[in-house]
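# A closer look at the structure
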Amino acid sequence: MYADSFTQSGHVTLPAMVDAAELQAIAAMLAQTMARPREMLSLPWCAALADKLRGQLVAAGLLPAGFVSVQCTAFEKSRDQNWLVAPHQDLSIPVARRVDDPALSGWSDKDGTLFVQPPVAVLAQLVALRLHIDACQAHDGALKVVPGSHLAGRIQEADKAHLKATRGEVVCPVAPGGGMAMRPLLLHASSKATGDSRRRVLHFVFGPAVLPFGMEWASPEPDSSAPRSVR
């Protein structure tokens, strides 16, 4: 049902990935952990949630069974925390340590985690899932994507406007508890939210368990003091 559309367009919306009770529990947990937005997988409840969502993506034919959760970042957009994001691709992945190989570039440190830009062949395998805690419509700063742009490889800055003009741009509204699965290479952007709406998102990334070039995924230190379940 979803796999063909995902392959061609690079994104698909999945309704009701978590029920209302679990969504309320996730929102309560987020209120305690938003100070650590890049370290969500270190929290046992978030790691358990990632595993549940991974199973749903596998069942929907969007993810190979052997893939693992490798990253989760929390975002919150509101009247007080508001921003726009220019069209871009997600080109960096979190790794355990530096590897000297000419195929790897763009090394950076973000909040203590090492990131690198691997070749397109690696990035093309990854699947991101944006789990929405709140309703997200166009006026809430919903994600805007250029369908099929994930098939263009690494897109140069000068080519982004042309690709958007030829392929068009689609706004992707998502209901509370719903998810948006996407390829990180998909060209995407978002506008500032208008009004008093609040948009909280958990952005998960899933990838193959084993990486090439001697790379290893960064493994966040578990927070043993955090609750293990959102239930």
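Just so it is clear, the model here is predicted, and its values are computed rather than measured.

Calculation criteria
Residues numbered from 1 in each chain as written. Predicted model: local features only at pLDDT ≥ 70, side-chain atom pairs only at ≥ 80, totals over all residues. Heavy atoms only, no water. Helix = DSSP H or I, 4+ residues; strand = E, 2+ residues; numbered from the N terminus. Rg over C-alpha atoms; globule rule 2.2 N^0.38 Å. Buried < 20%, exposed > 50% of the residue type's maximum accessible area, 1.4 Å probe, protein only. Contact = heavy atoms within 4.5 Å. Areas by Shrake-Rupley, 256 points an atom, 1.4 Å probe, with all protein chains shown as cover. Pairing = 2+ DSSP bridges. Axes fitted to C-alpha atoms, helices over the stretch in contact; angles between N-to-C directions. Expected span 1.5 Å × (residues − 1). Salt bridge = Lys/Arg side-chain N within 4 Å of Asp/Glu carboxyl O.

## Some words on the overall build of the protein
- Scanning the protein for helices and strands turns up five helices and twelve strands.
- In terms of C-alpha radius of gyration, the protein reaches 17 Å, essentially the compact-globule figure of 17 Å for 231 residues.
- Oriented by its inertia axes, the alpha-carbon framework of the protein measures out at about 45 × 40 × 35 Å.
- Per-residue burial over the protein gives 48% buried out of 231 residues.
- The long-range share in the protein, meaning contacts at least 24 apart out of those at least 6 apart in sequence, stands at 82%.
- Accessible surface, the protein: about 10,800 Å² in total, of which carbon and sulfur atoms supply 53%.

## Some remarks on the sheet that holds strand 12 (residues 199-207)
- Read from one edge to the other, the open sheet built from five strands follows the order 1-10-7-12-2, with strand pairing classed as antiparallel. The strands lining the two open edges of the sheet, one partner per strand, are strand 1 (11-14) and strand 2 (68-77). The average undirected angle you get between the axes of adjacent strands in this sheet is 20 degrees.
- The sheet strands contacting helix 2 (residues 20-33) are strand 2, strand 7 (127-132) and strand 12, and the helix crosses strand 12 at an angle near 95 degrees.
- The strands touched by helix 3 (residues 44-59) are strand 1, strand 2, strand 7, strand 10 (179-182) and strand 12; relative to strand 12, the strand with the most contacts, the crossing angle is about 65 degrees.

## Some words on helix 3
- Between its first and last C-alpha atoms helix 3 spans 23 Å; for 16 residues at 1.5 Å apiece the expected length is 22 Å, and the two agree.
- Taken together, the buried positions of helix 3 are Pro44, Trp45, Cys46, Leu49, Ala50, Leu53, Arg54 and Leu57.
- Looking at the buried residues of helix 3, the elements they touch are strand 1, helix 2, strand 2, strand 7, strand 10 and strand 12.

## Concerning the sheet that holds strand 6 (residues 113-117)
- Pairing within the open sheet is antiparallel, and its three strands lie in the order 4-6-5. Edge positions in the open sheet fall to strand 4 (93-95) and strand 5 (105-110), since each of these has one partner strand only. Neighbour-to-neighbour, the strand axes of this sheet turn through a mean angle of 35 degrees, independent of strand direction.

## Focus: the pattern of salt bridges
- Summed over all chains, the structure comprises eight salt bridges.
- Here Arg54 ties to Asp51 by a salt bridge, and the two come within 3.3 Å at their closest N and O atoms. Separated by three residues within a single helix, Arg54 and Asp51 lie in helix 3, roughly one turn from each other.
- In this structure, the salt-bridge partner of Arg97 is Glu216, at a minimum N-O distance of 3.0 Å. Here the residue Arg97 occupies a position in the loop between strand 4 and strand 5, and Glu216 occupies one in the segment after strand 12, the gap between them amounting to 119 residues.
- Residue Arg97 is classed as partly exposed on the basis of its relative accessible area, which comes to 47%.
- Under the relative-accessibility criterion, Glu216 is labelled partly exposed at 45%.

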